[in-house]
Structure formats: structure tokens, C-alpha cells
Amino acid sequence: MSRIIPDTAVIGGGLHGLSAALHLARAGRRVVVLERSWVGRHASGATAAGVRTLGRDLAEVPISLEAMDMWHRIETIVGDSCGFHSYGQIRVAEFDDHLPALEKRADAMRQHGYSHEEMIDRSELRRLVPALSPHCVGALVARRDGAADPHRTIHAFRRSCEARGVVIHEGCGVTAIEQRGSDWHIRTGEQEFTVPVIVNAAGAWAARLAAMVGDVIPLGLKASMMIATERLAPLLDPVVSVVGRSLSFKQSDQGTLVIGGGLQGSADIDTLKSTVNFIELAKGAQAATDLFPSVRDVRIARTWAGMEAKTKDLLPVVGPSPNAPGVFHAFGFSGHGFQLVPVIGSIISDLVVQGETRRHISPFSAERLMTTRAAA
Ligand SMILES: Cc1cc2nc3c(=O)[nH]c(=O)nc-3n(C[C@H](O)[C@H](O)[C@H](O)COP(=O)(O)OP(=O)(O)OC[C@H]3O[C@@H](n4cnc5c(N)ncnc54)[C@H](O)[C@@H]3O)c2cc1C
């Protein structure tokens, strides 16, 4: 049997790599995914999996709304619900002086023609989240938002990729890339691949991969932390965040509370390890019990931190390499890339296959972050 020769290598088997691979394979490309550890090992396996348009940077709103439509029909894309529920995301004002910031945001969104973020008063807030402490005075809500199950999502994207003929190599870390004519030659520990197209979806390590093809893209690092508790009886449906504190609070289908919100631990991209800072994490637990006093005695079952790249404007890098023809970047999601997964794969596929996309991606160009341009 003849071996299929790939024409596209996706580096990184996180959700963005898988989504790009899936859309590319559907568009007729022969795709390999090269993953150093195992699929979902890093940010995509550590994520809180909030599916949130609420509070997005204006530059991200159009693709985020498109992604939200895709989440609402995710079963038609990957053959599984991914555990997605559209119970809404709510940003709570605890006190009256928190309301103006939320009202300003709602006005700004309206002025830009968006209606998906809506102010609600205390009584509607209580109706949506009866377990919330009565001291909270109002909120901004995006009712079509929600959350998914991260591991179910990874499995669904992986299965769909493999059903479309994508070959996934795990334990296959890329160590060097060199240009050979119009192709790229990729070295890994044991195997070598020669392809005309590379997608760099290497998460926290993406700047290193970019540097291998001549793009110097400065990136920071995030090590967001999470708490999962023991299982409880149903407490709330929407995902709740709060003005002025780092908190994202939801209940999984299994009954566990999943508490995050961007509190930072530490991470080391050389050793591939991220570490929880319990003193910081306690602030998240405090915010959770302030907002939901009934969970004060609930036991914490697990904590973790996951790492990913952060850009200086907290917008991702999505688009062609400025220096390396045939190389496309998709990284730097800065703590909020899960929701964008379906649409980014589609954008990358358009760029590779058609050479353009109808989406407005100039705010995500690599050039905006680059300090030096490699010689042509
Ligand atoms: C704790 C936490 C909570 C989050 N919560 C949310 C949320 O609620 N909502 C939301 O929208 N987003 C959230 N995010 C962000 C979201 O999870 C990420 O933006 C998204 O998962 C990034 O996916 P990725 O595929 O780009 O990166 P990753 O999943 O990190 O995948 C990158 C992959 O590249 C591989 N790789 C790196 N270097 C190489 C190499 N040289 N060769 C081969 N492979 C390589 C890595 O092993 C890794 O598997 C959260 C993130 C974290 C950490």
C-alpha cells in the first residue's frame, strides 16, 4: 500500500492545531499533525472551556460571534455536542459603583451595532442565578454564550480529524525547520517531513517555531490556574464572572464547580511545567465564596495551571508569516482562545487553500508584534 505524502504539516496538537487540520483536510489537503507530547497536553487540556463572546476586544468580536454560531451547530462540525451548553455568561456588578463600567461597555457595543451584550437588573440577575449572593446589584449578560467540556471537545476534534485522513504523530517534537526550494523540511526526533505548507499552532512555544522560519515574534507567557471541587447538586447554569476580581465560576455537567478567572501561577517553557501558586489561588476561592456563600464548605478536589502564549495586546496571531512563504501562524490566544477554536481553523484553511479569507484578520497580523524582519 502506498504511503500518502502529506502536503501540510500542522505543528501542535492542541485544539487550534486540530481545528486547522480538520478544516484543511475537509478542503482537500493531506495533513499531518506533529505534537511533541500528546494531543491536548497543554492549554487545550487545561482550559476552563468557557465559550464567551462577552467582553471581547472589539477586534475579536466579529470572529468571536462567528465562532459562537459554529458552537451552536458544533455537532454538524465534529459530530459531537462537545458538552456545549448555551446557558449564558454573566459579568456581575457586586456594588453600584461597578455598574457604570458595564453600562459603558453595553453602550459601546450598541454603538458598534452589536446587541449580544445586554444589561440586566438585580431581579433578572436573581432569576438567572438564584444562588448568587443577594448583595449583587446587576450584570452584563451574553445569553448565547456558555461553556463546553474540554476533553470531550479534544476527542471530538481528534476523531473528526482522523476520520478525514489527518495523520497525528504524538511524541513528535519539531526541532528544526529549513527551507528546501519552495518546500519546508521539518526535523523531529525520529522523523522528517518535507511539505510546502506549515501551520504553526505550537501554543506557548509558538515563538520558537516562528523563529525557525525567520519570524521574530515576542511573546509573553500565561500560566492560568483552575480549581475543581467535589460534586454538588445543581447550583447554577450560566458562567459567572465579576467586575474587579479574577473569577470565572461555573458548574460542570458532572456537578463539580470549575473555578478560574485568570489568576496566575508560574510556568517554564523549557521544562514544560506549570505550577500552582496557592496564595494567589486563594483569592479566587475567596471571590467564589463571597459571590456564592453556600459553597463555603465545599471541598477542593483538584487544582492545576496551564500555559499558553500571551501577546502584548492580548490579541492572537492569525495569518501568514511575513517572512516565510507557505507558513501560517495561529497562536497567542492570551487566555481566551478556546471559544475561537472552530473559526480559527476555518480561517487558516481559507488562507492556505484560497490565499485569502473574508474575515477581517489584519488586527491579528504577526507584523504588529515584530521588532525585526528577517532578510529576504
Ligand atoms: C487554565 C486555562 C483556562 C482557560 N480558560 C479559557 C476559557 O474559559 N475560554 C477560552 O476561550 N479560553 C480559555 N483558555 C485559553 C484556551 O484554552 C487556549 O487559548 C487554547 O486552548 C489554546 O490552544 P492551542 O492549540 O493554541 O494551544 P495548546 O493546547 O497549548 O497546544 C499547543 C501544542 O503545541 C505543542 N508543541 C509545542 N512545541 C512543539 C514542537 N516543537 N513540536 C511539536 N509540538 C509542539 C504542545 O505540546 C501543545 O500540545 C484557558 C487556558 C488555560 C490555560
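This structure is a prediction, so every number in the text was calculated from the model and none was measured.

A.B. asks: So what's going on with the packing of helix α1 (residues 15-26) against helix α10 (residues 341-354)? Residues and values would help.
C.D. replies: Between α1 and α10, the shortest axis-to-axis distance is 7 Å and the interhelical angle comes to 50 degrees. Comparing their axes, α10 and α1 come out oblique. For the pair α1 and α10, the crossing hand works out as right-handed. Along its contact with α1, which presents Leu15, His16, Ser19, Ala20, His23 and Leu24, the element α10 presents Val341, Pro342, Ile344, Gly345, Ser346, Ile348, Ser349, Val352 and Val353. Taken together, the residues of the contact of α1 with α10 break down into nine nonpolar, six polar and no charged.

A.B. asks: Report on the layout of surface pockets, specifying residues and quantitative values.
C.D. replies: Looking at the second largest pocket, its volume works out to about 800 Å³. In terms of lining, the second largest pocket is formed by 38 residues, of which the most central are Thr47, Pro150, Ser252, Val258 and Trp304. Secondary structure elements with two or more residues in the lining of the second largest pocket: α2 (43-46), β7 (146-147), α7 (150-163), β15 (248-251), β16 (256-260), β18 (273-275) and β19 (300-310). No other element matches β19, which puts five residues into the lining of the second largest pocket. Considered class by class, the residues forming the lining of the second largest pocket number 17 nonpolar, 14 polar and seven charged. When residues of the lining of the second largest pocket are sorted by domain, at least three fall in each of domain 1 (8-49 + 151-218 + 313-369) and domain 2 (89-143 + 220-310).

A.B. asks: Explain the site of the ligand to me, using residue names and the numbers behind them.
C.D. replies: Taken together, 36 residues lie near the ligand, and Glu35, Ser44, Gly50, Val174 and Glu308 sit nearest. Residue Glu308 places a side-chain N or O atom 2.9 Å away from an oxygen atom belonging to the ligand. When the ligand sits alone it has 1000 Å² of accessible area, and the protein chains cover 96% of it. When contributions to the shell around the ligand are tallied by element, the ones reaching two or more residues are α1, β2 (31-35), α2, β13 (220-231) and β19. Partitioned by chemical class, the residues of the shell around the ligand number 16 nonpolar, 16 polar and four charged. Shared between two domains, the shell around the ligand holds at least three residues of each, these being domain 1 (8-49 + 151-218 + 313-369) and domain 2 (89-143 + 220-310).

A.B. asks: Kindly report on the packing of α1 against α7, identifying the contributing residues and their values.
C.D. replies: Interhelical geometry of α1 versus α7 gives an angle of 30 degrees and a closest axis separation of 9 Å. Comparing the axis directions of α1 and α7 gives the class roughly parallel. In the crossing of α1 with α7, the sense of the turn from one axis to the other is left-handed. On α7, the residues that touch Leu15, Leu18, Ser19, Ala21, Leu22 and Arg26 of α1 are Thr153, Ile154, Phe157, Arg158, Ser160 and Cys161. Its residues assigned to classes, the contact of α1 with α7 shows seven nonpolar, three polar and two charged.

A.B. asks: Before we move on, could you go through the pattern of salt bridges and cite the residues and values that matter?
C.D. replies: Summed over the entire model, instances satisfying the criterion amount to 25 salt bridges. The salt bridge involving Asp80 is made with Arg159; its shortest N-O contact spans 3.9 Å. Taken together, the positions of Asp80 in the loop between α4 (74-78) and β4 (89-93) and Arg159 in helix α7 put the pair 79 residues apart, joining distant regions of the chain. By relative accessible area, Arg159 is classed as partly exposed at 48%. Note that Arg127 is salt-bridged to Glu124, the shortest N-O span being 2.8 Å. Taken together, the positions of Arg127 and Glu124, both in helix α6 (residues 122-128) and three residues apart, correspond to about one turn of that helix. The network of salt bridges with shared partners includes Glu66, Asp350, Arg358 and Arg359.

A.B. asks: Describe in detail the environment of Asp121, supporting the description with residues and values.
C.D. replies: For Asp121, the position within the fold is in strand β5 (residues 118-121). With a relative accessible area of 46%, Asp121 lands in the partly exposed category. In this structure, the C-alpha to C-alpha distance between Asp121 and Leu99, residues 22 residues apart in sequence, is 10.0 Å.

A.B. asks: Before we move on, could you go through the sheet that holds strand β21 (residues 327-331) and cite the residues and values that matter?
C.D. replies: The strand order across the open sheet built from six strands is β8-β2-β1-β12-β21-β20, with neighbouring strands paired in mixed fashion. Every interior strand has two partners, whereas the edge strands, β8 (167-170) and β20 (317-320), have only one. Looking at each pair of strands side by side, their axes are set apart by 15 degrees on average, direction ignored. As paired elements, strand β12 (residues 197-200) and β21 share three bridges and run parallel to each other. Looking at β21, one finds that Asn200 is bridged to His329.

A.B. asks: Explain α10 to me, and be specific about the residues and the numbers.
C.D. replies: Counted at 1.5 Å a residue, the expected span for α10 with its 14 residues is 20 Å, and the 20 Å between its end C-alpha atoms agrees. With twelve of 14 residues buried, α10 is to be regarded as a mostly interior element. Among all positions of α10, only Val341, Pro342, Val343, Ile344, Gly345, Ser346, Ile347, Ile348, Ser349, Asp350, Leu351 and Val352 are buried. Count one or two residues on from α10 and you reach Gly355, which has phi positive near 80 degrees.

A.B. asks: Break down the domain arrangement of the chain for me, citing the residues and quoting the values.
C.D. replies: For the chain, the assigned domains read domain 1 (8-49 + 151-218 + 313-369) and domain 2 (89-143 + 220-310). Contact with domain 1, which involves 19 residues of that partner, is made by 14 residues of domain 2. Interface area for domain 1 against domain 2, summed over the two sides, is near 1300 Å², with a carbon-plus-sulfur share of 57%. Among the salt bridges present, the one from Asp270 reaches Arg208, with a minimum N-O distance of 2.8 Å. Scanning the region where domain 1 abuts domain 2 turns up six residue pairs in polar contact (both at pLDDT 80 or more). Split into classes, the residues belonging to the side of domain 1 that touches domain 2 amount to nine nonpolar, seven polar and three charged.

Basis of the calculations
Residues numbered from 1 in each chain as written. Predicted model: local features only at pLDDT ≥ 70, side-chain atom pairs only at ≥ 80, totals over all residues. Heavy atoms only, no water. Axes fitted to C-alpha atoms, helices over the stretch in contact; angles between N-to-C directions. Helix = DSSP H or I, 4+ residues; strand = E, 2+ residues; numbered from the N terminus. Parallel < 35°, antiparallel > 145°, perpendicular 65-115°, else oblique. Left-handed = near helix turned anticlockwise from the far one by under 90°. Contact = heavy atoms within 4.5 Å. Nonpolar A, V, L, I, M, F, W, Y, C, P; charged D, E, K, R; others polar. 1 Å grid on protein atoms, 1.4 Å probe; cavity = no way out; pocket = protein on both sides within 12 Å on 5 of 7 lines; lining within 4 Å. Points joined across faces, edges and corners; volume = space filled by probe spheres on them. Domains from an automatic or database assignment. Near = heavy atom within 4 Å. Polar contact = N/O pair within 3.5 Å; in protein donor to acceptor, adjacent residues only side chain to side chain. Areas by Shrake-Rupley, 256 points an atom, 1.4 Å probe, with all protein chains shown as cover. Salt bridge = Lys/Arg side-chain N within 4 Å of Asp/Glu carboxyl O. Buried < 20%, exposed > 50% of the residue type's maximum accessible area, 1.4 Å probe, protein only. Pairing = 2+ DSSP bridges. Expected span 1.5 Å × (residues − 1). Buried area = accessible area lost by both parts, 1.4 Å probe.

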